[in-house]
Protein chains: 4
Amino acid sequence: MSTLKIGVIGAGRIGKVHTETIARSVPEARVVAIADVNLAAAKDLAARVNVPSVSDDYRKVIQNPDVDAVIICSPTDAHAQHTIETAEAGKHVFCEKPIALDLPTIKRVNDTVERCGVKFMVGFNRRFDANFKKVKQMVVERKVGDLHVVKITSRDPGPPPAEYIAVSGGMFLDMTIHDFDMARFIAGKDVVEVFAVGGVMVDPAIGKAGDIDTAVITLVFEGGALGIIDNSRKAVYGYDQRLEVFGSGGMVKVDNTAPDTHDYYGPDGVHSSLPLNFFMDRYIDAYASEIKEFCQVVGENKPVSVGGRDGLMSVAIALAAKRSLAEHRPVKVAEVLEGKK
Amino acid sequence: MSTLKIGVIGAGRIGKVHTETIARSVPEARVVAIADVNLAAAKDLAARVNVPSVSDDYRKVIQNPDVDAVIICSPTDAHAQHTIETAEAGKHVFCEKPIALDLPTIKRVNDTVERCGVKFMVGFNRRFDANFKKVKQMVVERKVGDLHVVKITSRDPGPPPAEYIAVSGGMFLDMTIHDFDMARFIAGKDVVEVFAVGGVMVDPAIGKAGDIDTAVITLVFEGGALGIIDNSRKAVYGYDQRLEVFGSGGMVKVDNTAPDTHDYYGPDGVHSSLPLNFFMDRYIDAYASEIKEFCQVVGENKPVSVGGRDGLMSVAIALAAKRSLAEHRPVKVAEVLEGKK
Amino acid sequence: MSTLKIGVIGAGRIGKVHTETIARSVPEARVVAIADVNLAAAKDLAARVNVPSVSDDYRKVIQNPDVDAVIICSPTDAHAQHTIETAEAGKHVFCEKPIALDLPTIKRVNDTVERCGVKFMVGFNRRFDANFKKVKQMVVERKVGDLHVVKITSRDPGPPPAEYIAVSGGMFLDMTIHDFDMARFIAGKDVVEVFAVGGVMVDPAIGKAGDIDTAVITLVFEGGALGIIDNSRKAVYGYDQRLEVFGSGGMVKVDNTAPDTHDYYGPDGVHSSLPLNFFMDRYIDAYASEIKEFCQVVGENKPVSVGGRDGLMSVAIALAAKRSLAEHRPVKVAEVLEGKK
Amino acid sequence: MSTLKIGVIGAGRIGKVHTETIARSVPEARVVAIADVNLAAAKDLAARVNVPSVSDDYRKVIQNPDVDAVIICSPTDAHAQHTIETAEAGKHVFCEKPIALDLPTIKRVNDTVERCGVKFMVGFNRRFDANFKKVKQMVVERKVGDLHVVKITSRDPGPPPAEYIAVSGGMFLDMTIHDFDMARFIAGKDVVEVFAVGGVMVDPAIGKAGDIDTAVITLVFEGGALGIIDNSRKAVYGYDQRLEVFGSGGMVKVDNTAPDTHDYYGPDGVHSSLPLNFFMDRYIDAYASEIKEFCQVVGENKPVSVGGRDGLMSVAIALAAKRSLAEHRPVKVAEVLEGKK
């Protein structure tokens, strides 16, 4: 089998992670082109992993005849355009989430990749986390029987800068979107209705930016199973990502991972380490698994496990949650998907 | 100090527990009278703990001039009447929850005990559980800082008989009522709004009886903190009662208790014991603490920690949850309390 | 069945525990006589649980024609005499551990009770602890397969007064004796050889009293399985009693029990409660189970599960450990049992 | 700073791990030469990480003028010769453990590297495991106060082939040697005496090869603290590597790591994942940390943390343990070191 040749658009944090994973751990693929509007960043990354083609123009990656597939790590507002151009160049696409912040754009992207017949994978990295995969496996194996309740706790160690919130679409679209995808992934079913309550409890600046920082979201899945997500922009004890699934056959839950397993018994209690504090630490193996799967999907012509519809639905649920919060009522996802008002 | 003399109405399961606790562990009090419509049950219990006065008429307990205080363990629909008559006889009352299933009756009871100037304690035993008390203590000590989210998981090992559901008022009034009280206890704040979703996932007979068996309930507390309760009438792994509180200062959670601490490492995994399966096992110490506190409250003329207002509010929240479920919208507790429709 | 009538010699801490357990929880038995050289203590206890006969002379208990069985909670140096007199009066005996501190005396006691044909149970309460019983059960069920290693950690929250050490026989005889019995109980086999190392690490006063306060003891069981005990007179974090069994089929271990299950996630770590700090708290249920079993053994003429031979062997192992420490060599238990030097 | 140029002798499992770690994660170093008597293995590894010089003769690595430091991953019986030749060529050495199986050879190696003035690091990878490092840190920070007892559990998932045992020097020298080093590392003190008991419980073939497969070893540290190691060649539940340290200030223990954190609550118990089963999985990060430290030690001229004396002492303790087992008596390490007997 010939080596799969990969182009990367965006040499920021996540672009580096994917590029280095391929360099280190995916012998059947090679990154051959990198572009970033910050040319220095692109050059630096290219030098580190021996990538021949570097540019500040993403089109140099897409149009590079050597490139078989493109990993899109550009800012969110460029995802759609980059995906469409790549697909139209007949190349496979891995796109970081979200595809876009509005449904018409996402639908346009999905239509394009389908029309072009290329692979299209969306970067919901948490699906590749060993803990969450284990839960999924146990659900698939029917260990929890019929699904009754999915519970997701998802708290960040600290809020992003207020200016980020302004462009991110808000908490539901930049943070909870992962949890919406996780809910669908674990349940193996679509979310049909959302009810969201929330408030500004962490930082008034977030409220001024028009967003909330704490939320509790009730989900109803197709078929009637229920879901709960609770979010906070700031847990003083670090990154908190837990999941519990309850059903007729039992319950499975996964906890955070910590840097070590120590328990210290001192005069005033038992102490142990906090969970890994940074998403890059917590999910570093998940990012690697994800990009390895993409290389396999393309290289061995396998079906994509997280595709355009997943990208669409997570945003649709987020938009339904925003509307639910604004209008203080349960909102059907279909209402948002179908553009009803 | 003279011995506190107690009368007990109802010699069923919970009547026995309270009577025996006093006999064994409350040297400053003594049960001197027991009544139950099932006279044999009353006699049996009286014999076991050496109680002189036994009757099938609860009035014999209330009117017994030796009795200082009455513990009411009769069926729910008699709680209000028994409490009112006891109070009007000038005697202190401990009443099992709920006081009644409708708010006007509860208000009438509360007005009566207040007018009569007797102590009135309501049997929310879980407040006396070592785990939940520890959480409360940490909240009071400000270890979790400002409260953001209270999460309660409450699942029974199996549903009650369908005929019970018919008279119990349904899941929110016979089961979730404990969780509503717990939410108020932990938060130290009233619940102002409820949103409930649920379904029949355990047993269609429950649905036929007009009730649900699985629910997810969102709470909004006075001041804006949020709450989540998830309930099931049947967890195949037993009685599941957990609590988590998250705030600006940290998070505290408590787990179930198990009959032993063993971990078995075998060829196919690590195995440990299921949680205590029966509420009497899980809460046996809590029941004892509760009734000891009642004896102290009366004997030492201390303030009651769980009183008529708590009995009222838990039912009000339950009724709001019922309405929320029926009308599929968030419902203010005030709407129910004030009898609005 | 007629009620079993019990006499109690010794109204100190453990005498109280047994007496109250019977009063509260053993309906088929009744304490009818109590004696203690401290008459006030005896009277106080008798009053609390309604015992008719009280004395400062233990013979009043033994000779009381109403008494069927005697529970001996006197000081260690009186155990043998009290047991012998009780047996010779034709009454059943429950004796707190150790029977005596020297083997000839214990053998004499064992011979006497055997000759008299009475039941004789020795108070190794830890065998009745839910955790250790679970381990025993899993060993019996062959879940750990062939036994390879038994590991016991046993640490006290603080050392006893130096004067106690002078009369107790030292750490191996007053503290480790429980662990020696536990080792035999769990393995279901005798200990054939001991090697002990230790030192004075907690308090020099203990060293001056001729004892050690910290030890590691290697055991070899009949058939070749191995054992390890590690002891300390002082763990600053409280009472530490753990057990692990490893074999061809797997491993089972049990942990301490804590007053609650809370985990607090704060800015500087995860914190939870220390283990129960006091042996009376940790083993309160074990004491109750033990004395209930004794009442059944006598009342229903069942075989004794912890008898004179167990009392003998635990002391023999302790004496072998003392000799091993003194002579710095592995010592066969037979060497001690057979009085070799 | 110029790039550190590394040669690797031995392209087997551990040679690959070190080579790939440098290629991926140590930008300041580069592997420039690889040798293995199995030339194909050397070529394969060289190709994967782009190493220019490949040979079946280890001298090609040592004599390569480009090479600054050599990592010795050859079979145990070649460690000493390769280390001596490398040192005499004036190059720094990282040598896998053990340096040799006899003390005179190890002393000769240590003398040589000292005389040649090169860095010499020995591959006790477990010192670099996050869990054990955390314990060490807490000991150094005096969290456990004065050290009283160090407890190490170390069990393999399965025994090596009988032919390996014949050349490995036996369990104490090929397996427990890690635990002996860990004991010294954690205590920060030398072991002065050893007492070992053991037997053949896993596989009679091991007994025929003259070795044991199960052992309990008591250690006495300089100054009097005590240690316990328990070993088995076969735990059916996988690789079991735990550590506990107890002292005047408290206790710290670390557990195994598992592939995920799931707890499944089913009808018959709570189930979770077994520990990582393979030493390469458990210690993969430790191997990487170790070799990174070596690169830093050489590149930045820092002191070696695990050196020749550590290599010597671990073998000395192992030999003392062998003698203790054979002669069934406590054996001073000095007795072995000084060649008495």
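Residues numbered from 1 in each chain as written. Chains lettered and ligands numbered in written order. Predicted model: local features only at pLDDT ≥ 70, side-chain atom pairs only at ≥ 80, totals over all residues. Heavy atoms only, no water.

## What about the interface of chain C and chain A?
The interface of chain C with chain A comprises 14 residues on the first partner and 14 residues on the second. Buried surface at the junction of chain C and chain A, summed over both partners, amounts to about 1,100 Å²; 61% is from carbon and sulfur atoms. A per-residue breakdown of the area chain C buries against chain A is headed by C:Tyr265, C:Val270 and C:Leu274, which together make up 42% of the total. For the interface between chain C and chain A, the tally reads 0 salt bridges. For the pair chain C and chain A, the interface holds 3 residue pairs in polar contact (both at pLDDT 80 or more). At the level of secondary structure, the elements contributing two or more residues to the side of chain C that touches chain A comprise strand E13 (263-266) and strand E14 (269-272) of chain C. When grouped by side-chain class, the residues that make up the side of chain C that touches chain A number 7 nonpolar, 5 polar and 2 charged. (Contact = heavy atoms within 4.5 Å. Buried area = accessible area lost by both parts, 1.4 Å probe. Salt bridge = Lys/Arg side-chain N within 4 Å of Asp/Glu carboxyl O. Polar contact = N/O pair within 3.5 Å; in protein donor to acceptor, adjacent residues only side chain to side chain. Helix = DSSP H or I, 4+ residues; strand = E, 2+ residues; numbered from the N terminus. Nonpolar A, V, L, I, M, F, W, Y, C, P; charged D, E, K, R; others polar.)

## Re the relation of the copies chain B and chain A
Rotating chain B by 180° about the axis while translating it 0.0 Å along that axis superimposes it on chain A, leaving an RMSD of 0.0 Å. A rotation of that kind, with that shift, is consistent with a two-fold axis. For chain B, the minimum C-alpha distance to the rotation axis belongs to B:Arg329 and amounts to 3.0 Å. Taken as a fraction of all interface residues of chain B, those also at the interface in chain A reach 100%, which identifies the copy contact as same-surface. (Least-squares fit on C-alpha atoms with pLDDT ≥ 70 in both.)

## Concerning the relation of the copies chain C and chain A
When chain C is fitted to chain A, the residual RMSD is 0.0 Å, and the transformation amounts to a turn of 180° plus an axial shift of 0.0 Å. Residue by residue, 100% of the interface of chain C is reproduced at the interface of chain A, so both copies engage with the same surface.

## Some thoughts on the pattern of salt bridges
Should their charged atoms come close, side chains of opposite charge can pair. Residues and elements named next belong to chain B. For the coordinates displayed, the defined rule picks out 112 salt bridges over all chains. Of the charged contacts in the structure, one is a salt bridge between Glu 244 and Lys 151, with a shortest N-O distance of 4.0 Å. With Glu 244 in strand E11 (residues 240-247) and Lys 151 in strand E7 (residues 147-155), the pair connects residues that are 93 residues apart, well separated along the chain. Assessed through its relative accessible area of 11%, Lys 151 is described here as buried. (Buried < 20%, exposed > 50% of the residue type's maximum accessible area, 1.4 Å probe, protein only.)

## As for the confidence of the model for chain A
On average, chain A scores 95 in pLDDT, and the residues at 70 or more come to 99%. Both confidence scores are given for the complex: pTM 0.95, ipTM 0.94. (pLDDT = per-residue confidence, 0-100.)

## Here we look at the sheet that holds strand E2 (residues 29-35) of chain C
Residues and elements named next belong to chain C. An order of E3-E2-E1-E4-E5-E6 is seen for the 6 strands of this open sheet, with the pairing classed as parallel. Looking at strand neighbours, the two that pair on one side only are strand E3 (53-55) and strand E6 (120-123), the edges of this open sheet. Strand-to-strand, the axes of this sheet are offset by a mean angle of 20°, without reference to chain direction. Across 4 bridges, the pairing between strand E4 (residues 69-72) and strand E5 (residues 92-96) is parallel. Of the residues in E5, the one forming a bridge with Ala 69 is His 92. Most of the contacts of helix H1 (residues 13-25) go to E2, to which it runs at about 150°, and overall it touches strand E1 (4-9), E2, E4 and E5. (Pairing = 2+ DSSP bridges. Axes fitted to C-alpha atoms, helices over the stretch in contact; angles between N-to-C directions.)

## Concerning the pairing of strand E10 (residues 226-232) of chain B
All names here are of chain B. The buried fraction of E10 amounts to 7 of the 7 residues, a majority that puts the element mostly inside the structure. The alternating pattern of E10 places Leu 226, Ile 228, Asp 230 and Ser 232 and Gly 227, Ile 229 and Asn 231 on opposite faces, both of which are buried. Where E7 lies against E10, 7 bridges are found, and the strand directions are parallel. Looking across to E10, one finds that Val 149 is bridged to Leu 226. The turn joining strand E9 (residues 214-221) and E10, which pair antiparallel and follow one another in sequence, is formed by 4 residues; a positive phi near 95° is taken by Gly 223.

## Regarding the nonpolar core
Residues and elements named next belong to chain A. The biggest cluster of nonpolar side chains holds 103 residues, and the ones touching the most others in it are Ile 6, Phe 172, Leu 219, Leu 243 and Val 245. By residue number, the principal contributor to this core is helix H13 (residues 308-327), which donates 8 residues. Of the residues that make up this core, three or more belong to each of domain 1 (4-118) and domain 2 (127-278 + 314-337). Not counting residues up to four positions away in its chain, the partners in contact with Val 245 are Val 135, Val 139, Val 144, Leu 147, Val 149, Val 150, Ile 186, Gly 250, Met 251 and Val 252. (Core = buried A, V, L, I, M, F, W, Y, C linked by side-chain atoms within 4.5 Å. Domains from an automatic or database assignment.)

## With respect to the sheet that holds strand E1 (residues 4-9) of chain A
All names here are of chain A. Reading across the sheet, the 6 strands line up as E3-E2-E1-E4-E5-E6 and stay open at both edges, with parallel pairing between neighbours. Each edge of the sheet is formed by a strand with only one pairing partner; in this case those strands are strand E3 (53-55) and strand E6 (120-123). Here the average twist between neighbouring strands, direction ignored, is 20°. Against the sheet, helix H12 (residues 284-299) makes contact with E1, strand E2 (29-35), strand E4 (69-72), strand E5 (92-96) and E6, and its axis sits at roughly 160° relative to E5, the strand it touches most.

## Describing the packing of helix H1 (residues 13-25) of chain B against helix H2 (residues 39-49) of chain B
Residues and elements named next belong to chain B. Close contact between H1 and H2 brings their axes to 10 Å; oriented N to C, the two are set at 15°. Judged on the interaxial angle alone, H2 and H1 are roughly parallel. Of the two elements, H1 crosses H2, and the hand of that crossing is right-handed. On H2, the residues that touch Gly 15, Lys 16, Thr 19, Glu 20 and Ala 23 of H1 are Leu 45, Arg 48 and Val 49. (Parallel < 35°, antiparallel > 145°, perpendicular 65-115°, else oblique. Left-handed = near helix turned anticlockwise from the far one by under 90°.)

## Things to note about the interface of chain B and chain A
With 39 residues of chain B in contact, the opposing surface of chain A contributes 39 residues. Between chain B and chain A the total buried area reaches about 2,900 Å² when both faces are included, carbon and sulfur atoms providing 68% of it. On the chain B side of the contact with chain A, B:Met201, B:Leu226 and B:Phe246 bury the most area, a combined 19% of that side's loss. Along the contact surface separating chain B from chain A lie 6 salt bridges. The partner of B:Lys151 in a salt bridge is A:Asp230, with the nearest N and O atoms 2.8 Å apart. The tally of links from chain B across to chain A stands at 11 residue pairs in polar contact (both at pLDDT 80 or more). Looking at the side of chain B that touches chain A, the elements with two or more residues in it are E7, strand E8 (191-199), E9, E10, E11 and strand E12 (250-254) of chain B. Per element, the largest residue contribution to the side of chain B that touches chain A is 6 residues, and it comes from E7(B). Within the side of chain B that touches chain A, the residues separate by chemical class into 18 nonpolar, 11 polar and 10 charged.

## Describing the packing of helix H9 (residues 176-187) of chain B against helix H13 (residues 308-327) of chain B
Residues and elements named next belong to chain B. Close contact between H9 and H13 brings their axes to 9 Å; oriented N to C, the two are set at 120°. Classified by the interaxial angle, the pair formed by H9 and H13 is oblique. Between H9 and H13 lies a crossing whose hand is right-handed. Here H9 contributes Ile 177, Phe 180, Asp 181 and Arg 184 to the contact with H13, which in turn contributes Arg 309, Asp 310, Met 313, Ser 314, Val 315, Ile 317, Ala 318 and Ala 321.

## Side note on the side chain of B:Thr153
Residue position: B:Thr153 is located in strand E7. Looking at B:Thr153, its side chain comes within polar contact range of the side chain of A:Lys151, at 2.4 Å. Apart from residues lying up to four places away in sequence, B:Thr153 is in contact with A:Lys151, B:Asp230, B:Asp240, B:Gln241 and B:Arg242.

## Quick word on the domain arrangement of chain A
Residue and element names in this part refer to chain A. Considered domain by domain, chain A is made up of domain 1 (4-118) and domain 2 (127-278 + 314-337). On a C-alpha basis, the centres of domain 1 and domain 2 stand 28 Å from each other. Between domain 1 and domain 2, the residue contacts involve 8 residues of the former and 13 residues of the latter. Carbon and sulfur atoms supply 71% of the area that domain 1 and domain 2 bury against each other, a total of about 730 Å² over both sides. When the buried area of domain 1 at its contact with domain 2 is split by residue, Lys 97, Leu 101 and Leu 103 rank highest and sum to 69% of it.

## Structural notes on unusual backbone geometry
Cis geometry is found at the peptide bond from C:Lys97 to C:Pro98, where omega equals -10°. Within the secondary structure layout, C:Pro98 lies in the loop between E5 and helix H5 (103-116).

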